[in-house]
Amino acid sequence: MTDRITLRKPDDWHLHVRDGAMLKASLPFTARNFGRAIIMPNLLPPVMTVKDAIGYRERIERALPDGSTFEPLMTCYLHDLTDPDEVEAGFRNGVFTAVKLYPANATTNSAAGVTDYAKIRPVLARMEKIGIPLLMHGEEVDPEVDVFDREAVWIERRLRPWAKDFPGLKFVLEHISSKIGVDYVRSAAPQVGATITPYHLTHNRTDWLGWGNRPYLYCMPVIKTEADRLALVEAATSGDACFFLGTDSAPHPVARKLAVVGSAGLFNSPVAIEQYTRVFADADALDKLEAFTSLNGPRHYGLQPNTATITLERSPWTVPEQIDIDGPDERALIYRGGEQIEWRVVS
Ligand code: NCD
Ligand code: ZN
């Protein structure tokens, strides 16, 4: 049994760090173990312009611990009126790494997302031409579509046609949650890649709802069946280049998580790399971990892998329950808080 593993420094290809006090409190957990992260643009108001992204990047850089070499990779929040010239300008001057599509009302802070898919075609055409990837919250929010089928319907209605219409455009289907998603991404690679979260690899919907409602397992896309979870574990641990790490760590204040209409998203960056390592160890696939955490993502984005390394050891520790956020009554609970976690980052 392997008890120690050294990896090229991972990157997080899907991260929410919020803003203000929450940014300050949550960012250090990512900065200590990850070289880069795709910073999701779903602030209120969202990061829609080059100017917004420059300002947000500066706030992130100011929130970094002293001496950190962490690099935030900024994204542009797509909406019906996004100007292709704005996307191109942001890409050419090194501000935008990717464009993020939220269907309107699919998830947290997505009300300003896309409502009319015909309107964004000129942006997609420009993105194809200049070579900037499209990241998708891939869920169809038509009220006739069951919430457990949103990913599958998105693939059929949107992604499959776009991949044909824009053959030079690179896609990432974010936080895939189903066997249908896994099968589609494999069939469409290398044009289409996918991020996989630690919690979709770990839980099924019975864990979420079967013994009490656990709001801290409520995220979008919702956690699905055991068969879906097993397909995701097989995908991540296969080493296939189209699957890579994206934590979707998404802190919310406790009051928002526990409201009558609770917010989707869970805060896992304090335990993310440790939890992925556990999933790979349990699947007897630690030899495939580095491809998933550190190599496949950069390749999909056309970037070099990190040169630094991190080392993990099997050495249990207890995860803190929460982080305190500056400000009245603010705190965010941590995924797996209070539980023992098997792996620890030692350097
Ligand atoms: C994310 C958030 O809170 O910003 N929530 C989530 O359930 N995953 C948004 C997202 O990625 O869907
Ligand atoms: Zn997300």
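Residues numbered from 1 in each chain as written. Chains lettered and ligands numbered in written order. Predicted model: local features only at pLDDT ≥ 70, side-chain atom pairs only at ≥ 80, totals over all residues. Heavy atoms only, no water.

Asker: Sorry if this is basic, but what is going on with the packing of helix 3 (residues 84-92) against helix 4 (residues 121-130) here?
Answerer: Two quantities define a packed helix pair, namely the angle between the helix axes and the distance between the axes. Where helix 3 contacts helix 4, the axes come no closer than 9 Å and their chain directions differ by 25°. The pairing of helix 3 with helix 4 is recorded here as roughly parallel in orientation. Taken as a pair, helix 3 and helix 4 cross one another with a handedness that is right-handed. The residues of helix 4 that touch helix 3, namely those facing Pro84, Asp85, Val87, Glu88, Phe91 and Arg92, are Pro122, Val123, Arg126, Met127 and Ile130. Residues of the contact of helix 3 with helix 4, tallied by class, amount to 7 nonpolar, no polar and 4 charged. (Axes fitted to C-alpha atoms, helices over the stretch in contact; angles between N-to-C directions. Helix = DSSP H or I, 4+ residues; strand = E, 2+ residues; numbered from the N terminus. Parallel < 35°, antiparallel > 145°, perpendicular 65-115°, else oblique. Left-handed = near helix turned anticlockwise from the far one by under 90°. Contact = heavy atoms within 4.5 Å. Nonpolar A, V, L, I, M, F, W, Y, C, P; charged D, E, K, R; others polar.)

Asker: Help me understand the pairing of strand 2 (residues 12-15) in this model?
Answerer: It is a general feature of regular strands that their side chains alternate between the two faces of the sheet. In this structure, strand 2 lies alongside strand 3 (residues 36-39), joined through 2 bridges in parallel fashion. When the sheet's bridge partners are listed, Asp12 is paired in strand 3 with Ala37. For the handedness criterion, the β-α-β arrangement of strand 2, helix 1 (residues 20-31) and strand 3 is classed as right-handed. (Pairing = 2+ DSSP bridges. Right-handed = clockwise from strand over helix to strand, strands pointing away.)

Asker: Explain empty space enclosed by the protein here, please?
Answerer: To find leftover empty space, a probe the size of one water molecule is rolled over the atoms. Here the structure, examined in full by the defined rule, presents 1 cavity of 30 Å³ or more. For the largest cavity, the calculated volume is near 110 Å³. Taken together, 17 residues form the lining of the largest cavity, with His16, Thr107, Met220, Asp248 and Ala264 sitting closest to its centre. The residue inventory of the lining of the largest cavity, partitioned by class, reads 5 nonpolar, 9 polar and 3 charged. (1 Å grid on protein atoms, 1.4 Å probe; cavity = no way out; pocket = protein on both sides within 12 Å on 5 of 7 lines; lining within 4 Å. Points joined across faces, edges and corners; volume = space filled by probe spheres on them.)

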